[in-house]
Amino acid sequence: MTLASAKRVLVIDDSPFILEATKAALSDVGFEVEVAQDLRQAEAQCKREHDLILIDVQMPEAMGDDLAMLLRVGRKMKTPIFLLSSLPDDELVRRVQEAEVDGYISKRVGMDAIVKRVQEILGVEESVN
Amino acid sequence: MTDDIQARFLPRFLLTVKGRLARAQTLLDGGDSAGLSDELHALAGEAKMLDLRKIADTALRGEAAARAWATGASGGSRAASASALDAVNAAVAAVAAAPRRRPSGTLAAVGKKGKARPKVLVVDDSEIVCDSVTNMLEPRGYDVISLTSLFAFSSTLVAEKPDLVLVDVSMPALDGDKLIHFSRKYNEGGRSVMVLFSTRSKDELSQLATQCGAAGFIQKTGDADRLEREVEAFLHPAR
């Protein structure tokens, strides 16, 4: 187990509301969180090192799984990439396989479960907060 | 943890969702079923993140209805989508009207730095805006009174003697700038600082504030930190 404070998470989502809420929730348990609301910001952020990238699927400029595939297959990025979406689980399973990314986190489970899932993925102890 | 996140972000969510519902109605009216489906999908995602299940569930049903309408699937129609959108509106209204728990670790009980809690009166025909302001300011040590109609404005001003009055500019019965102008006789000695409260541009609000004799303006925001800073600037201008 490692400390959450050592881990950097990038969240890419076109909803500023979701970015703010997710950043707050993950920051509360000690993660360092960066966000990108569009492809230009995502491009800039992806040049930096992260321990985990969460990408929304349905965005206006591009589908998140296409972006994920570009990062994983096109750029050979090794950073774990998870889709973050409220699409049904079976559709997310299919998109994960097609994009060759590491998995998905459903927005449908709520923020608490999302934070726990990120902690599990990164092997981080739960915060005492 | 979720409860704190929900309490912290609910006012912001309610402002965001108001915009989404307005766009959804426009898309419905324009017959853009695919756009409506996307808008309700986004709304459902945001609601799910805050564990607002009733809103999320109705939005997902609306998304499905709009998608069926878009693809010509069985049961898909404008009427079914409209009905589903009504259900989302009702679910949002129910959450907006419900009493809410305050975020933990706030100054709610003690007031600001142990002093008497400043009293803020919000006059806005939108219950969501009134509720959002209340939920942003009360945990930070303010007492907030809100009015969604002008019916009791003058009597509230006299009886409550609020320290600050936030007046929406665009209201059905009377524009806020005119309200401020006409209500000066009830504001004994200028005790209550009268401020316009709107999403309009700074230039327009500055001009309106000068014309009606308001102390200034605050642009509507879902950012509680920013709102508090601007409220404090009017309550303690020397700081």
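Residues numbered from 1 in each chain as written. Chains lettered and ligands numbered in written order. Predicted model: local features only at pLDDT ≥ 70, side-chain atom pairs only at ≥ 80, totals over all residues. Heavy atoms only, no water.

Visitor: Any chance you could explain the packing of helix α1 (residues 16-28) of chain A against helix α5 (residues 111-122) of chain A here in plain terms?
Guide: Think of two packed helices as two axes; the pair is described by the angle between the axes and how far apart they sit. Residues and elements named next belong to chain A. The N-to-C vectors of α1 and α5 enclose an angle of 55°; their axes lie 10 Å apart at closest approach. For the element pair α1 / α5, the angle class is oblique. Both α1 and α5 take part in a crossing whose hand is right-handed. Along the contact surface, α1 presents Ala21, Thr22, Ala25 and Leu26, while α5 presents Met111, Val115 and Val118. Its residues placed into classes, the contact of α1 with α5 shows six nonpolar, one polar and no charged. (Axes fitted to C-alpha atoms, helices over the stretch in contact; angles between N-to-C directions. Helix = DSSP H or I, 4+ residues; strand = E, 2+ residues; numbered from the N terminus. Parallel < 35°, antiparallel > 145°, perpendicular 65-115°, else oblique. Left-handed = near helix turned anticlockwise from the far one by under 90°. Contact = heavy atoms within 4.5 Å. Nonpolar A, V, L, I, M, F, W, Y, C, P; charged D, E, K, R; others polar.)

Visitor: What's the story with the sheet that holds strand β1 (residues 119-123) of chain B in this structure? I'm lost.
Guide: Remark on secondary structure: sheet strands pair via backbone hydrogen bonds, oriented parallel or antiparallel. All names here are of chain B. The strand order β2-β1-β3-β4-β5 describes an open sheet built from five strands, whose pairing is parallel. The sheet terminates laterally at β2 (143-147) and β5 (216-219), the two strands that pair on one side only. Averaged over all adjacent pairs, the angle separating strand axes in this sheet is 25°, with direction ignored. In terms of strand pairing, β1 meets β2 through five bridges, oriented parallel. (Pairing = 2+ DSSP bridges.)

Visitor: Where do I start with the packing of helix α3 (residues 64-74) of chain A against helix α4 (residues 89-99) of chain A in this structure?
Guide: All names here are of chain A. Where α3 contacts α4, the axes come no closer than 9 Å and their chain directions differ by 30°. Compared by their axis directions, α3 and α4 come out roughly parallel. In terms of crossing hand, the pair formed by α3 and α4 is right-handed. Between α3 and α4, the contacting residues are Asp65, Met69, Arg72 and Val73 on the first element and Arg95, Glu98 and Ala99 on the second. Of the residues that constitute the contact of α3 with α4, the class distribution is three nonpolar, no polar and four charged.

Visitor: What is the right way to read helix α6 (residues 153-160) of chain B from this model?
Guide: Residues three or four positions apart in an α-helix share a direction because the helix packs 3.6 residues into each turn. Residue and element names in this part refer to chain B. Regarding α6, the residues found buried are Phe153, Thr156 and Leu157. Viewed end-on, α6 has its buried residues packed into an arc of 100°, placing them on one side of the element. Immediately downstream of α6, the backbone of Lys161 shows phi near 45°, a positive value. (Buried < 20%, exposed > 50% of the residue type's maximum accessible area, 1.4 Å probe, protein only. Arc of directions from axis to C-beta.)

Visitor: What should I look at first to understand unusual backbone geometry in this one?
Guide: Glycine aside, residues mostly have negative phi angles, and peptide bonds mostly take the trans form. Located in the positive-phi region is Glu100 of chain A, a residue other than glycine, with phi close to 55°. The backbone of Lys161 of chain B sits at a positive phi, close to 45°, despite the residue not being glycine. Within the fold, Lys161 of chain B resides in the loop between α6 and β3 (164-168). The class for Lys161 of chain B is partly exposed, based on a relative accessible area of 38%.

Visitor: Teacher, can you tell me more about the side chain of Gln219 of chain B here?
Guide: All names here are of chain B. Structurally, Gln219 is set in strand β5. Its relative accessible area of 16% is what places Gln219 among the buried residues. Polar side-chain contacts of Gln219 include one of 2.9 Å to the backbone oxygen of Arg200. Among all residues touching Gln219, those that are not within four sequence positions of it are Phe197, Ser198, Thr199, Arg200, Ser201, Lys202, Leu205, Arg226 and Glu230. (Polar contact = N/O pair within 3.5 Å; in protein donor to acceptor, adjacent residues only side chain to side chain.)

Visitor: Would you mind showing me how to read the sheet that holds strand β2 (residues 32-36) of chain A here?
Guide: All names here are of chain A. If you trace the five strands from one edge of the open sheet to the other, you get β2-β1-β3-β4-β5, paired in parallel fashion. A strand with exactly one partner marks an edge of an open sheet, and here the two such strands are β2 and β5 (103-106). Along the sheet, successive strands turn relative to each other by an average axial angle of 25°, direction set aside. Each of β4 (81-85) and β5 is contacted by α4, which is oriented at about 155° to β5, the strand it contacts most.

Visitor: It is not clear to me how the nonpolar core should be interpreted in this structure. Could you clarify?
Guide: For soluble globular proteins, the rule of thumb is that nonpolar side chains tend to be buried together. Ranked by size, the top nonpolar core spans 54 residues in total, and within it Val9, Phe31, Leu54 and Val118 of chain A together with Phe13 and Ile55 of chain B carry the most contacts. In terms of residue count, the dominant contributor to this core is helix α1 (residues 2-29) of chain B (10 residues). Ignoring any residue separated from it by four or fewer positions in sequence, one finds Leu54 of chain A in contact with Val9, Leu10, Val11, Ile12, Phe82, Leu84, Ile105 and Val118 of chain A. In this structure, Ala36, Ile55, Ile81 and Leu92 of chain A belong to the second largest nonpolar core, which totals 20 residues. (Core = buried A, V, L, I, M, F, W, Y, C linked by side-chain atoms within 4.5 Å.)

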